[in-house]
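Results of the structural survey
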Amino acid sequence: MQRCKWMETTSVSELEHELKELVEKHRPDGQTGEVANYIPALSKANPKHMAASLCLLTGEQVQAGDVDERFTLQSMSKVITLAMALMECGEACVFEKVGMEPTGDPFNSIMKLEIMRPNKPLNPMINAGAIAVTSLLPGTVEEKVERILSFVRRLAGNTAIGFNEAVYRSEQETADLNRALAYFMKQYDVLEGDVEEVLDIYFKQCAIEVNCQDVARIGAVFANRGRDPETGEAIMPEQIAKICKTFMVTCGMYNASGEFAIRVGIPAKSGVSGGIMGAVPHCMGIGIYSPALDDKGNSVAGVRLLESLSATWGLSIF
Ligand code: DON
């Protein structure tokens, strides 16, 4: 496959050099943010860490910074379970339970759930929507957890990916707000089945542990219209990759999605671990890690790095 047009004249070593410079330029930006602490285990992350990885659709990989650091998927997993639910239940079944609109509210807000009619979550990227999507996956708890993990491994091309037990347990013990969202949805028939079981699967998908390279590789599948960037094999239908990228644009950075679309213009999904997954259509997947967050739950240095990358290489889709 050819390089995307923005990069065809730049060699991999030049890309690596530019990426290294930008990571070091933006590393101090994390100082203005704070590591997530509402899930106690996440507060142990070092706010000085920063890493970035690009997975070009040519198969070339470029990395810079603390590339060995591992972190959990958190909300980045929401795109992955959405793709699975769309494949396993179909569009009609998924959109009967969750909407397609941005909220303009924080990721864990309950407000719109209560005031909207019907009382279904506005989109699958907020916590309520993602919990509802997870509840749609067929099978027993163990089967669902196993299938989510296998799908993440398949997308990342890395069979060594597993769970971070400490992060899983920490969220399980403290997730009162997510419990409130889930029980509310159970009352209004958005959630079926056992609420605690659904939450357990959701906490586990959030606690899947990856590095930047894994995240970039997952982003590359979405960028590559659902196909494996190395083999070209279809992992998901093109239409599903398209729906996921569209939600990444409209809701992937929560109530900062509009500003992010203007300043960066790359379909992206953040997680409170400080990870960001980007998918530049027909070009590359991007994985970023820097754990200090802004007040909307997005990595401060990660967003600024993406803004610089987009400006330097002309990556905005708009
Ligand atoms: O449910 C939660 O609150 C976390 N497991 C995930 C939230 C998240 O990553 C929001 N992202 N910025």
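Residues numbered from 1 in each chain as written. Predicted model: local features only at pLDDT ≥ 70, side-chain atom pairs only at ≥ 80, totals over all residues. Heavy atoms only, no water.

Per an unreviewed UniProt entry, the chain carries the name Glutaminase and comes from Caldalkalibacillus uzonensis. Under the heading Sequence similarities (unreviewed entry), UniProt records this for the chain: "Belongs to the glutaminase family." Regarding the chain, the UniProt comment filed under Catalytic activity (unreviewed entry) reads as follows: "L-glutamine + H2O = L-glutamate + NH4(+)". (UniProt positions renumbered as here; feature names shortened; annotations may be inferred.)

1. Overview of the sheet that holds strand E9 (residues 284–289)
One open sheet holds the five strands; their spatial order is E3-E2-E9-E8-E7, and the pairing between them is antiparallel. The sheet is open, and its two borders are formed by strand E3 (61–65) and strand E7 (268–270), each paired with just one other strand. The mean inter-strand angle of the sheet, taken between neighbouring strand axes irrespective of direction, is 10°. Looking at chain direction, strand E2 (residues 51–56) and E3 are connected through five bridges and run antiparallel. Bridging across to E3, Ser 53 finds its partner in Gln 63. Each of E2, E3, strand E8 (275–280) and E9 is contacted by helix H10 (residues 212–223), which is oriented at about 150° to E9, the strand it contacts most. (Pairing = 2+ DSSP bridges. Helix = DSSP H or I, 4+ residues; strand = E, 2+ residues; numbered from the N terminus. Axes fitted to C-alpha atoms, helices over the stretch in contact; angles between N-to-C directions. Contact = heavy atoms within 4.5 Å.)

2. Remarks on the sheet that holds strand E4 (residues 71–72)
Spatially, the three strands line up as an open sheet ordered E4-E6-E5, and their pairing is antiparallel. Because the sheet does not close on itself, it has two edges, and the strands there are E4 and strand E5 (162–163). Examined bridge by bridge, E4 and strand E6 (residues 208–210) share two bridges and lie antiparallel to one another. Bridged to Thr 72 within E6 is Glu 209.

3. Considering unusual backbone geometry
The residue after Arg 117, namely Pro 118, is reached through a cis peptide bond having omega -5°. Note that Pro 118 resides in the loop between helix H4 (111–115) and helix H5 (127–136). We note that Gln 74 has phi near 45°; this positive angle belongs to a residue other than glycine. In this fold, Gln 74 is placed in the loop between E4 and helix H2 (77–89). Phi angles above zero are rare outside glycine, and Arg 225 is one such case at about 55°.

4. Here we look at the UniProt feature "binding site: substrate" (unreviewed entry) in the chain
Per the UniProt record, "binding site: substrate" (unreviewed entry) is annotated on Ser 75, Asn 127, Glu 171, Asn 178, Tyr 202, Tyr 254 and Val 272. In this structure, Glu 171 sits in helix H7 (residues 165–174). When near neighbours in sequence (up to four residues on either side) are disregarded, Glu 171 contacts Ile 39, Gln 74, Asn 178, Tyr 202, Phe 203 and Cys 206. Along the chain, Asn 178 falls in helix H8 (residues 176–187). Contact partners of Asn 178, with chain neighbours within four places excluded, come to Asn 127, Ile 131, Glu 171, Leu 199, Tyr 202 and Phe 203. A polar side-chain atom of Asn 178 sits 3.4 Å from a polar atom in the side chain of Glu 171. (Polar contact = N/O pair within 3.5 Å; in protein donor to acceptor, adjacent residues only side chain to side chain.)

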